[in-house]
Amino acid sequence: MTSPGWTVTLVLFRLLGTVTSSPVSTRTPSPLLKSQMFPPSSSPSLRSLLSTSTPPSSSSSVDSAGKKRCPLKISPSALVVRFGDPVTANCSVPPVGFPVLGWEVSLGTPNVSMDHFVVWSVDRMTEWSIRPLCYSLSDQGGQCSLQLDLTVYKLPDNVSISFVNDSGWMVEGQQYALQCTVQNVAPINDLTVTFYKEQEELGQIHSKNRLEKTPVNQTFTLNINSSREDDGVQYWCEAKLELGPEGPLTMTSQKLTATVYYGPQLLCPTKLQVKEGERLSCEANGNPPPVVTWIRNGTVVAPPARLHRKHAGKYIVSAKGPFGQKNLTVEVEVLTAGAETSTNRYFVFAIVFIQMTNLL
């Protein structure tokens, strides 16, 4: 049975309280949420005033029973809102047994209601660490509350990629660090950065900042090993805010084209056959392109534009660049027109001989 003091308090409240006229419709019905029973906060409010009118013995006994039947529902049960955007949530309770319902929130606090629902709504979200709490007081003196799962976010102002201690280029075989800088993003705890080489994913890093709710700048780094195959490829990074059911929000950096310097490489055989009258050459590559030198009998020579039989013999081919030097000994054989004709004649004779043999 309810005490006289508590009954008088409820009667006065019904006479003076403000009642919300209609609920707010939501797109998705609110699922039944697990409720908690705990004492009201220390901030002065109507529910703390009413609590003082409740006899201690009655409050403790109803709290014990109320833990099993606190029926608060918040719809939607979770919200993700961009900083500066409007937000609305509805808290409801069965119409019997819980005559007092309200929100405890630092922004846009609505009037306490004696109806079975109360709406919290603000035109512009301007707080980062807001924690809206819906509460209800039982006609038995018990109290229960439920917190709205609210995330306030902001997309980055900019996402950029560069090399740490950027020199503008890399050398083959060395290790370098890519850095992805994300500027003015919140909440940083929900941020994941992914590094890419062309369309290949190189690595993913999640922010380790667990506490900060306001926008911050953060730089993520990833080590890579350079090779000549990476010369000219494009690196980039993607910043992704993981916001639960709302889905990820992403922002990408500009493309960073890599320049990789590497030493020379000679691509000619050790035995080189060249037709008489053709040019003597040996392919070499490197970045920057190497200087190729031909040496014969210890003397630097210019490769002849038109070969003669006298140019046959052994050469040392040297390719030299800023990042190394390669030497290769090449034996040059000059094929004369007569030798080629003789070779062709013997080849035709062999074919004819094989065909005659098959006819016998």
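Before reading on, note that the structure itself is shown above.
Conventions we followed
Residues numbered from 1 in each chain as written. Predicted model: local features only at pLDDT ≥ 70, side-chain atom pairs only at ≥ 80, totals over all residues. Heavy atoms only, no water. Helix = DSSP H or I, 4+ residues; strand = E, 2+ residues; numbered from the N terminus. Contact = heavy atoms within 4.5 Å. Pairing = 2+ DSSP bridges. Axes fitted to C-alpha atoms, helices over the stretch in contact; angles between N-to-C directions. Disulfide = S-S within 2.5 Å. Buried < 20%, exposed > 50% of the residue type's maximum accessible area, 1.4 Å probe, protein only.

### Thoughts on the environment of His311
Logical step 1: Counting through the fold element by element, His311 comes out in the loop between β22 (299–301) and β23 (313–321).
Logical step 2: It is 9.8 Å that separates the C-alpha atoms of His311 and Arg296, two residues lying 15 residues apart in sequence.
Logical step 3: Residues within four places of His311 in sequence aside, it is in contact with Arg296, Pro304, Arg306, Val332 and Val334.

### Some words on the sheet that holds strand β1 (residues 73–75)
Logical step 1: With respect to topology, 3 strands assemble into an open sheet ordered β1-β3-β5, the strand pairing being antiparallel. Each of the sheet's edge strands pairs with one partner strand only, and the pair in question is β1 and β5 (117–122). The mean angle between the axes of side-by-side strands here comes to 20°, regardless of whether they run parallel or antiparallel.
Logical step 2: Two strands pair when backbone bridges link them, and strand β3 (residues 87–92) and β5 are joined in this way by 6 bridges, in the antiparallel orientation.

### Some words on the state of the cysteines
Logical step 1: If you walk through the whole model with that rule in mind, you get 3 disulfides.
Logical step 2: In this model, Cys268 is linked to Cys282 through a disulfide, with the two sulfur atoms separated by 1.8 Å. A torsion of -75° about the S-S bond marks the disulfide between Cys268 and Cys282 as left-handed. In this pair, Cys268 is assigned in the loop between β18 (260–266) and β19 (271–275) and Cys282 in the loop between β19 and β20 (284–287), connecting sequence segments 14 residues apart. Judged on exposure class, the residue Cys268 and its partner Cys282 are both buried.

### Some thoughts on the pairing of strand β13 (residues 200–206)
Logical step 1: Pairing geometry for strand β12 (residues 191–197) and β13, over 6 bridges, is antiparallel. In the strand pairing of β13, Val193 is matched with Ile205.
Logical step 2: Hairpin geometry of β12 and β13 is characterised by an intervening segment of 2 residues between the two adjacent antiparallel strands and by a positive phi of about 55° at Glu198.

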